[in-house]
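Examination of the molecular architecture
If you want the building blocks of each chain, they are given just below.
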Amino acid sequence: MIIIADDNYAQLGVLPSAQDIKRTRDINGTDTLEFNYAMFNVVGSEEVLDEMVPTLKPQNHILTADQVYVIKEVNPGTDNLIAVECEVDTEELKSLYNNAFTRTNVTLNEIATN
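Not measured: the values here are computed from a predicted model.

**Re the environment of lysine 22**
Among the structural elements, lysine 22 can be located in strand β3 (residues 18-25). Residues lysine 22 and methionine 39 lie 17 residues apart in sequence; the distance between their C-alpha atoms is 19 Å. Excluding its chain neighbours within four sequence positions, the residues that come into contact with lysine 22 are Thr32, Leu33 and Glu34.

**A few points about the sheet that holds strand β2 (residues 11-14)**
The strand order across the open sheet built from 7 strands is β2-β1-β7-β8-β9-β4-β3, with neighbouring strands paired in antiparallel fashion. Whereas interior strands pair on both sides, the edge strands pair on one side only; in this sheet they are β2 and β3. In this sheet, adjacent strand axes meet at a mean angle of 30° when their direction is disregarded. Across 3 bridges, strand β1 (residues 3-5) lies against strand β7 (residues 61-63) in antiparallel orientation.

**Let's talk about the pattern of salt bridges**
This structure, assessed with the given rule, holds 2 salt bridges. A salt bridge links aspartate 66 to arginine 23; its shortest N-O distance comes to 3.1 Å. One end of the pair, aspartate 66, is in the loop between β7 and β8 (68-76); the other, arginine 23, is in strand β3, with 43 residues separating them in the sequence. Its relative accessible area of 46% is what places arginine 23 among the partly exposed residues. Measuring nitrogen to oxygen at the nearest pair gives 2.6 Å for the salt bridge that ties aspartate 31 to arginine 25. A residue is classified by how much of its surface remains accessible, and aspartate 31, at 12% relative accessible area, is buried.

**Some details on the nonpolar core**
Formed by 17 residues in total, the largest nonpolar core has its most connected members in Leu15, Phe35, Tyr37, Leu56, Ile62 and Cys86. Broken down by secondary-structure element, the contributors of at least two residues to this core are β4 (31-38), β8 and β9 (81-88). Aside from chain neighbours lying at most four places away, what touches leucine 15 is Ile2, Ile4, Phe35, Tyr37, Met52, Leu56 and Ile62.

**Section: unusual backbone geometry**
The backbone of glutamine 59 sits at a positive phi, close to 80°, despite the residue not being glycine. For glutamine 59, the position within the fold is in the loop between β6 (46-49) and β7. The class for glutamine 59 is partly exposed, based on a relative accessible area of 44%.

What counts, and at which threshold
Residues numbered from 1 in each chain as written. Predicted model: local features only at pLDDT ≥ 70, side-chain atom pairs only at ≥ 80, totals over all residues. Heavy atoms only, no water. Helix = DSSP H or I, 4+ residues; strand = E, 2+ residues; numbered from the N terminus. Contact = heavy atoms within 4.5 Å. Pairing = 2+ DSSP bridges. Axes fitted to C-alpha atoms, helices over the stretch in contact; angles between N-to-C directions. Salt bridge = Lys/Arg side-chain N within 4 Å of Asp/Glu carboxyl O. Buried < 20%, exposed > 50% of the residue type's maximum accessible area, 1.4 Å probe, protein only. Core = buried A, V, L, I, M, F, W, Y, C linked by side-chain atoms within 4.5 Å.

This is the structure we're talking about:
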């Protein structure tokens, strides 16, 4: 199940029409997620815009069972599909970095063993 969330991680809904889902990792270790999403659903004999299409925009988040991704690109494709490209969200990890940690006049061996 793929869930979409806004840039503040508030869940907006499920993406039931996601297809051709691909998860990859490049040589630098960056996880990516790509999928196509149908813009329209057929209701009776009429095409109706999928209500989740407006939420597919850059900087919104995609939540999977084990990872959070940031939407980087949304490109209209052919055959009623939107191509969505995402990268793993590393903002939370970056905010955990402690710039205030210092140990002066201590050898690297002491830091590693203490």
